[in-house]
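Residue-level structural notes
As a plain string of letters, each chain reads:
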Amino acid sequence: NHHVTANFAGFIENFSNYQANFLDTVAGATVTRLINAGSVSSKGFEGDISTHPFRYVTFGGNFAYTFATVDHVRCPTGAPLSCNIDGQPLPFAPRWKLALNADYTRPLNDRLTLSLDSDYTWQSQTQYTLNETPDTIQKAYGIWNLSTTIEDRKLRLRLTLVMRNAINSHYASYKAYGSLGGVVNWLPRDYGRYGGFVLHKDF
């Protein structure tokens, strides 16, 4: 009776002449340059489901399992780091990703509508560089967001109170070696818990 919708898919992908950034040495200095890294492959399955168990209530979720690996890499001449990474995980490809969401939306009267929303996303550890160094791995983390919205249909106005990263999970959106040494972390906007409001007006 249209209370549940689900989709599932499997995939296998093979890539040759994979382009990637790699550390190299130029005039005695360590630099990053784009190389023809070789061949990589990806296979896995994914799915999403949405259900309406009660009036005004919607639950949903999606997941993906991706087994992405470096099949064979061509090492640049004079590279300062080892290229023995065949069979290692492909950068930016966590093995598991999961997202869950819940929504409660109901009219309060012929003018106002109330919405309560929550979503949680999680992913397993992720390697950020083709060098496969252990200090450029982001550990598994989860982010929980909350929001409450009041909509005035007559004024075409929406006020939303939001809280992002409610459980205060810290993570880096990217990690790489700095030009002077060490590892540099790129911190996203929701690196820490924060809240606020969004006022939206349609004209």
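The structure presented is a predicted model; accordingly, all values stated were derived computationally and were not measured.

**Concerning a nonpolar patch on the surface**
A contiguous nonpolar patch, built from Phe 45, Trp 96, Leu 98, Leu 100 and Trp 122 and spanning about 440 Å² of accessible area, is present on the exposed surface. The dominant element in the nonpolar patch, judged by the number of residues it contributes, is strand β4 (residues 96-107), at three residues. Along the chain, Phe 45 falls in strand β2 (residues 29-54). Given the relative accessible area of 40%, Phe 45 is considered partly exposed.

**As for the pattern of salt bridges**
When the charged atoms of two side chains lie near each other, side chains of opposite charge can form a pair. For the structure on display, the rule yields two salt bridges. Among the salt bridges present, the one from Arg 111 reaches Asp 152, with a minimum N-O distance of 2.9 Å. With Arg 111 in the loop between β4 and β5 (112-123) and Asp 152 in strand β8 (residues 141-152), this residue pair connects regions lying 41 residues apart in the sequence. We classify Arg 111 as partly exposed; its relative accessible area is 30%. The class for Asp 152 is buried, based on a relative accessible area of 11%.

**Focus on the layout of surface pockets**
As a volume, the second largest pocket reaches approximately 160 Å³. Around the second largest pocket sit 13 residues that line it, and Pro 89, Gln 125, Thr 126, Gln 127 and Ile 137 are the ones nearest its centre. Looking at the lining of the second largest pocket, its residues break down into six nonpolar, five polar and two charged.

**Section: the packing of aromatic side chains**
Going through the model one piece at a time under the given rule, you end up with eleven aromatic pairs. Summarising the aromatic geometry, the rings of Phe 8 and Phe 63 are spaced 6.5 Å apart at their centres and angled 45 degrees between planes, so their arrangement reads as tilted. Of this pair, Phe 8 sits in strand β1 (residues 4-26) while Phe 63 sits in strand β3 (residues 57-73), placing them 55 residues apart in sequence. The exposed category is assigned to Phe 8, whose relative accessible area is 62%. When the ring of Phe 45 is compared with that of Trp 96, the centres are 6.2 Å apart and the planes differ by 80 degrees; the resulting orientation is edge-to-face. Within this pair, whereas Phe 45 is found in strand β2, its partner Trp 96 is found in strand β4, the two being separated by 51 residues in sequence. With a relative accessible area of 37%, Trp 96 lands in the partly exposed category. The positively charged end of Lys 201 is found above the aromatic ring belonging to Phe 203, 5.6 Å away from the centroid.

**Some remarks on the confidence of the model for the protein chain**
Scored by pLDDT, the protein chain comes out at a mean of 91, with 93% of its residues at no less than 70. By mean pLDDT, the top-scoring element of the protein chain is β5 (98), and the lowest-scoring one is β1 (87).

**Some details on unusual backbone geometry**
Its identity as a non-glycine residue notwithstanding, His 2 has a phi of 65 degrees, on the positive side. Mapped onto the elements, His 2 comes out in the segment before β1. Even without being a glycine, Tyr 56 presents a positive backbone phi close to 75 degrees. The topology assignment puts Tyr 56 in the loop between β2 and β3.

Procedures and definitions
Residues numbered from 1 in each chain as written. Predicted model: local features only at pLDDT ≥ 70, side-chain atom pairs only at ≥ 80, totals over all residues. Heavy atoms only, no water. Patch = residues over 30% accessible without salt bridge, like charges linked within 9 Å, V, L, I, M, F, W, Y side chains within 5 Å. Areas by Shrake-Rupley, 256 points an atom, 1.4 Å probe, with all protein chains shown as cover. Salt bridge = Lys/Arg side-chain N within 4 Å of Asp/Glu carboxyl O. Helix = DSSP H or I, 4+ residues; strand = E, 2+ residues; numbered from the N terminus. Buried < 20%, exposed > 50% of the residue type's maximum accessible area, 1.4 Å probe, protein only. 1 Å grid on protein atoms, 1.4 Å probe; cavity = no way out; pocket = protein on both sides within 12 Å on 5 of 7 lines; lining within 4 Å. Points joined across faces, edges and corners; volume = space filled by probe spheres on them. Nonpolar A, V, L, I, M, F, W, Y, C, P; charged D, E, K, R; others polar. Phe/Tyr/Trp six-rings, centres within 6.5 Å; stacked < 30°, edge-to-face > 60°. Lys NZ or Arg CZ within 6 Å of the ring centre and 35° of its normal. pLDDT = per-residue confidence, 0-100.

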